[in-house]
Structures are given as structure tokens and as C-alpha cells.
Amino acid sequence: MAKPWPIFAPSRWKSMKTFVGNLGMPGIFGELMNARQGDVRRKYLADARTALRTMVVHGYSHKFSSPDDEDLIWYGDLRWCHSDGLMPSCEEFDWLIDYVVDEAGHKRDDETEGDALLALSAMRGLGSSTKRRSYVTSLIRCMGSTRPPRVRHVALRAASDARADLAAITIGSMPEGVDAGLLNDLSRALFTALCPNHDQAVYDAFFHYKRDCCYARLIFSLAMNDEWGERLTRDGHFERCTSLVEQALGHNDWELRCYLAGIFTCTDLPYNVLPLSPAQERLRTCVMTIWNQESPYASPGALPDLVAATRQHLQGDNNVPNDELSALARDVHGALESLQRTQSFFMSIGVATQADVNAALSSMQGLHDDLCCMIDNPKTSQRDDDPVSLGS
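Definitions and cut-offs
Residues numbered from 1 in each chain as written. Predicted model: local features only at pLDDT ≥ 70, side-chain atom pairs only at ≥ 80, totals over all residues. Heavy atoms only, no water. Helix = DSSP H or I, 4+ residues; strand = E, 2+ residues; numbered from the N terminus. Buried < 20%, exposed > 50% of the residue type's maximum accessible area, 1.4 Å probe, protein only. Areas by Shrake-Rupley, 256 points an atom, 1.4 Å probe, with all protein chains shown as cover. Axes fitted to C-alpha atoms, helices over the stretch in contact; angles between N-to-C directions. Left-handed = near helix turned anticlockwise from the far one by under 90°. Contact = heavy atoms within 4.5 Å. Nonpolar A, V, L, I, M, F, W, Y, C, P; charged D, E, K, R; others polar. Core = buried A, V, L, I, M, F, W, Y, C linked by side-chain atoms within 4.5 Å. Patch = residues over 30% accessible without salt bridge, like charges linked within 9 Å, V, L, I, M, F, W, Y side chains within 5 Å. Salt bridge = Lys/Arg side-chain N within 4 Å of Asp/Glu carboxyl O. Phe/Tyr/Trp six-rings, centres within 6.5 Å; stacked < 30°, edge-to-face > 60°. Disulfide = S-S within 2.5 Å. pLDDT = per-residue confidence, 0-100.

What follows concerns the overall build of the protein. Tallying secondary structure elements over the protein gives 18 helices and zero strands in all. The buried share of the protein, taken over its 392 residues, is 54%. Looking at the protein as shown, the accessible area adds up to about 16800 Å², and 51% of this sits on carbon and sulfur atoms.

In this section: the packing of helix H6 (residues 132-142) against helix H7 (residues 149-161). Put simply, H6 and H7 touch, their axes get as near as 8 Å, and they point 140 degrees apart. For the element pair H6 and H7, the recorded crossing hand is left-handed. Residues Tyr135, Leu139 and Cys142 of H6 form the contact with H7, whose own contacting residues are Val151, Arg152, Ala155, Ala158 and Ala159. Its residues assigned to classes, the contact of H6 with H7 shows seven nonpolar, no polar and one charged.

We now examine the nonpolar core. Formed by 110 residues in total, the largest nonpolar core has its most connected members in Leu120, Met143, Leu156, Leu260, Trp291, Met364 and Leu371. A total of ten residues in this core trace back to one element, the largest contributor, which is helix H10 (residues 209-223). With residues up to four places along the chain from it excluded, the contact list for leucine 260 reads Ala216, Cys241, Leu244, Val245, Ala248 and Leu283.

What follows concerns a nonpolar patch on the surface. Among the surface-exposed residues, Phe345, Ile349 and Val351 lie close enough to one another that they form a single nonpolar patch of about 250 Å² accessible area. Positionally, valine 351 belongs in the loop between helix H17 (322-348) and helix H18 (354-376). Classification of valine 351 by relative accessible area gives partly exposed; the value is 39%.

Bringing the packing of aromatic side chains into the picture now. Any two aromatic rings considered together are summarised by their centre-to-centre distance and by the angle between their planes. In this structure the tally under the stated criterion is four aromatic pairs. With centroids separated by 6.4 Å and ring planes inclined at 40 degrees, the aromatic side chains of phenylalanine 220 and tyrosine 259 adopt a geometry described as tilted. Note that phenylalanine 220 is positioned in helix H10 and tyrosine 259 in helix H14 (residues 255-264), a separation of 39 residues in sequence. Across this residue pair, the class does not change: phenylalanine 220 and tyrosine 259 are buried. Where phenylalanine 345 meets phenylalanine 346, the ring centres are 5.7 Å apart and the plane angle is 55 degrees; that geometry is what we call tilted. Judged by relative accessible area, which is 48%, phenylalanine 345 ranks as partly exposed. With relative accessibility at 8%, the residue phenylalanine 346 sits in the buried group.

This paragraph deals with the state of the cysteines. Under the criterion given, the structure shown has zero disulfides. A disulfide-free cysteine, cysteine 373 has its sulfur positioned 7.1 Å from the sulfur of cysteine 372, the nearest such atom.

Looking now at the pattern of salt bridges. A full pass over the atoms with the stated rule returns 18 salt bridges. Arginine 124 is the salt-bridge partner of aspartate 161, the closest N and O atoms lying 3.5 Å from each other. On the criterion of sequence distance, the pair formed by aspartate 161 in helix H7 and arginine 124 in the loop between helix H5 (110-120) and H6 is long-range, its members being 37 residues apart. For aspartate 161, a relative accessible area of 7% gives the class buried. The partner of aspartate 212 in a salt bridge is arginine 240, with the nearest N and O atoms 3.3 Å apart. Placement of aspartate 212 in helix H10 and of arginine 240 in helix H12 (residues 237-243) is noted, with a sequence separation of 28 residues between them.

Right, let's get into H14. Among the ten residues in H14, ten count as buried, and that is most of the element. Within H14 the residues assigned to the buried category are Glu255, Leu256, Arg257, Cys258, Tyr259, Leu260, Ala261, Gly262, Ile263 and Phe264.

For the rest of this paragraph, the subject is the environment of leucine 139. Turning to its location among the elements, leucine 139 is positioned in helix H6. Given the relative accessible area of 2%, leucine 139 is considered buried. Contacts of leucine 139, omitting those with residues within four sequence positions, involve Leu117, Ala155, Ala158 and Ala159.

Bringing the confidence of the model for the protein into the picture now. In this model, the protein carries a mean pLDDT of 81, and residues with pLDDT of at least 70 account for 79%. Every residue in residues 1-23 is under pLDDT 50, and counting partners more than four places away or in other chains gives 64 contacts. Contacts of residues 382-392 to residues separated by more than four positions or lying in other chains number 25 contacts, the stretch itself having pLDDT below 50.

One non-glycine residue, arginine 124, lies in the positive phi region at around 55 degrees. Residue classification places arginine 124 among the partly exposed residues on the basis of a relative accessible area of 24%.

Mapping isoleucine 349 onto the fold places it in the loop between H17 and H18. The spatial distance from the C-alpha of isoleucine 349 to the C-alpha of histidine 62 is 6.5 Å, given a sequence separation of 287 residues.

Here it is in C-alpha cells:
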């Protein structure tokens, strides 16, 4: 018997949305698979579509939303938890992956497929071992050049939310069902998600801040894996990132600058053997100034990435003057204290979860500690074995 569908709402808002727990989606899907034809099957198809639409309506932590609101793709948080507060295991998404593969995908029901992929982005990964290949194949299909923008962009968001799993894959540690050919196809599909006509560089919109942040965040995470770096070079991703530099420098928010700066400070990547343009050099060094010119603590979910980009910059430049290191340590400590003071507020308005805050605080504390060591021991550069956080 299928388990009842747990509370589907951001965990911080679940007390306001407990009625969603009665949707019973796994049961609806089970009945749909058993009903092969006729009116009964049509009824369960309609029920499944309605339930997915209802889930997406709860994508914001502070209000209901139109399920077709484009901002849901970039700002929505569809993570959910059980009534006891526990987060679901990846196996608990198996039925929804089956639905995307067996039902929505075959019918080319763009609306329902987009809703299902938004819901699947809550996995923050590639799914269980038995469904991983099916899920990645579905993402590739949904980023195809013939798919509508909403489906392509939702698939990009889902891939970006699974970036930690993707970045950890190497030839020597291929997960069950995944191979180099599948990852090559995924790399090409990531470009198509932004540019349906790759040969003619035709974009949905050349610059879209949140879409390009989502894309650059994924590329930043993948770029620190040498094998992914080769794919990204081959498929034109670094050229695309280069084309975003001027827009990033001219935008008020710091996140895109952070991700691009992190990409350009991966000094072992083949594209960095060429001299950086003045704009790229500005971008690479501006990561240091984000800490004192912006309010980085106001975006807790992106802070581990800012820490990672800062570490990359420090590893690439062992001649940072001591006074600059001292100023950076002071700024990082200031951001750390600011987030400690404001974390309850950010969680109450849905900007971050407790997990986001914990990851941000831990990464900033680690960076501050290492900066203090570098200041106290000027001849000691940042440790090569430091783990670089990719964010959550």
C-alpha cells in the first residue's frame, strides 16, 4: 500500500499548510498505473495533474503562488518534510520519477512535466540508485531544443539543485546506471536549456539574472571537477560564462559575480591558460570586495559558494598583502556576526532554512579561522587539503 503523501511545503511553513498532506500522490500514481484505459484512467490522470498543480502553488514560503509564475522556477523552495519534521529520503521520490518517465514524458504534457520537475528539485540530488539514470535522462530530454522555456528552465533548476551529486561523479566513482556518455549528453543539454539553437547562439533572453545565476552556480560546482572541466570546455560553457561578465559587473546583486569569479579562479582549467580580459580580471578580484561592499549575509544559501570562490582566489594568489588578509578576515567575521544576529529573521520570512544557515555559518567560520592562521603565519598559504564547500 502506498504511503500517504507527506506534508509538501517548505518545512519552515508546514504548520500553515498541513492540508497538503492529504493529497495522497503516491496512491494516485499507483491507481493510475493500474488503470490502463477508459474513464477510470482519465480520472486518475486528472487527479495527478491537479495534485501536482496544488503542490507547486506552495512553492513560496510566505504566500500562495500561481503555478505558472516564472519566478517560482528561480525563487521557489519546494523542499518538504514529514509531519514529524524529518526530511524525506531520495527513495521517497521514486514514484514521482516514474511518473515523469512513464506518464508525463510519454504524453508530452508540458505543464504537468514542468510541475513534476519542480517538485523533484526538492530532492537536492539525483535520486535513488535505481532511478538515477531515468532521472538524468528525463532532465536531458526536458532541456531539449524543442521543449518550451518553462520545461527547459525547470530542468536546469533541478540539475543545479543536484550539483553536489553531479560534481562528485568521476570515472572512478560512477554511480549505478550512470556512464560518461550520459554525462556528456547532460553537459550538452545544459547549454541547450539556455540556448535552444546552439549553432546560432539564439537565447530565450541573452541575459536573465536569476536564470544565469542558476546556470553559473552549477558550472562553478562542476568546474572544480577536472573531468567535468573537460566537458564544459568542449561544449562552450566557459565561453558562455565569459559573455556574462559585463552584465554581472553591472548588476547590483553579488551572486552572479561570485559564481563567475569562482569559475575564473579555477586556475587548473584549460581555458585559463589564456590571458584574462580586463573585465574578467576585475571580476576575479572583486570577490574580495563583496565581503565589505555588499551585505553577503542577506543571501545565506549562497554564502558557502562565496566562501568557496574566496578560497579559490586565495589559492590562486599567494602574494595577498597581510593588511588585505586582515581586512578580509575582519569583513568575513562581520558577516558571520551579522548572520548570527539575523538568522531567525531570515528563516521566518523564508529566505533560508536552518540547514542553509548552519552551512553558511560553518563555512564562514572555517574561512575566518584559516585567514587568521595565514595572518599569524605569513609563509603558510591556505592548506591544499581544505574542503571547498559547493553549497547546498
